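# Residue-level structure breakdown
The primary structure of each chain is shown beneath.
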Amino acid sequence: MASSSVASRPIASLLVKAGPAIISVGLLLLAWELYASYSGIKPTILPAPSRVFEQAMLNREALVDNAIPTIRATLLGFACSLSAAFALSMLVDFFQPLRRALFPVFIVSQTLPLVAIAPLVVLWFGFGLAPKIMLVALVTFFPMLVALVEGYEATEAEVGQMLRAMGAGRWRIFVLARLPSALPYFFAGLRISITYAVVGAIFAEYAGAAKGLGIYMLNAKNNFRPDLVLAAVGASAALTLVLFGLTVLLQRLAMPWERAGKETAGKRPWR
């Protein structure tokens, strides 16, 4: 009996934290449903959420079939982006002149409009998986790189001096001090980047692909099916939320001391 009550505590805590978001989304969907049902607007212009959900269930096999290529491009592109951001952040940290040389180039890369660059990347590299991976990496790389570099710079100088006095070399100082101090910054950048990853993959599919949520939306739009367009939008939003939740879970696993510190601070009496 006691074990079941202990197990139910995290669920209750999660519901309490998610309660405001659930209520606000529910009210938004209710207002949308009422407006679409009683305003006289045509379903071909603004379908009700109930109709969108119904069509999503009826076409769930097609949605899943098209979501798989999008997920593949998102994960592979994000993995490439993460690896490149980590490697370049280390180079920039060890060789400071590289920061002044490379950062202007990276900043310019973020000013390129995705809607313009996506067709060019597809034209240069074909309709396969490679251009989608490149575009996902392009839109997710910079936030993680900046977050890591800023995290390294946030290392307390006293910690580095103490390790240096104990005979630690530059690489050991990086592993023991600079990298751990960058973890909160890194996960903040990771959460920002993961929300862009799915959008980048869908834009790449718009520019040219055989399958994917982007192609599904494009075909539904051309067939004047806003309900299917919104169903695909809902699928992409759900995918983004799942990936965002996984980054939060990964942060808790990688930084258990942070959660323990927050819980200790929460139990501390007010003075």
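Look a little higher up for the structure.
Residues numbered from 1 in each chain as written. Predicted model: local features only at pLDDT ≥ 70, side-chain atom pairs only at ≥ 80, totals over all residues. Heavy atoms only, no water.

## A short note on the side chain of Glu205
Looking at the element boundaries, Glu205 is found in helix 8 (residues 170-207). Apart from the residues within four sequence positions on either side, Glu205 is in contact with Pro69, Thr70, Lys132, Lys211, Gly212, Leu213, Gly214 and Ile215. (Helix = DSSP H or I, 4+ residues; strand = E, 2+ residues; numbered from the N terminus. Contact = heavy atoms within 4.5 Å.)

## Considerations on the nonpolar core
Ranked by size, the top nonpolar core spans 41 residues in total, and within it Leu63 and Leu145 carry the most contacts. Elements that contribute at least two residues to this core include exactly helix 2 (49-58), helix 3 (60-94), helix 4 (97-111), helix 6 (130-153), helix 8, helix 9 (213-222) and helix 10 (226-254). By residue number, the principal contributor to this core is helix 8, which donates eleven residues. In this structure, Leu114, Ile117, Ala118 and Val139 belong to the second largest nonpolar core, which totals seven residues. (Core = buried A, V, L, I, M, F, W, Y, C linked by side-chain atoms within 4.5 Å. Buried < 20%, exposed > 50% of the residue type's maximum accessible area, 1.4 Å probe, protein only.)

## Notes on the packing of helix 7 (residues 157-165) against helix 8
Put simply, helix 7 and helix 8 touch, their axes get as near as 10 Å, and they point 145° apart. With respect to the hand of their crossing, helix 7 and helix 8 are arranged in right-handed fashion. Side by side, helix 7 and helix 8 meet where Val159, Gly160, Leu163 and Arg164 of the first sit next to Ile173, Leu176 and Ala177 of the second. Its residues placed into classes, the contact of helix 7 with helix 8 shows five nonpolar, one polar and one charged. (Axes fitted to C-alpha atoms, helices over the stretch in contact; angles between N-to-C directions. Left-handed = near helix turned anticlockwise from the far one by under 90°. Nonpolar A, V, L, I, M, F, W, Y, C, P; charged D, E, K, R; others polar.)

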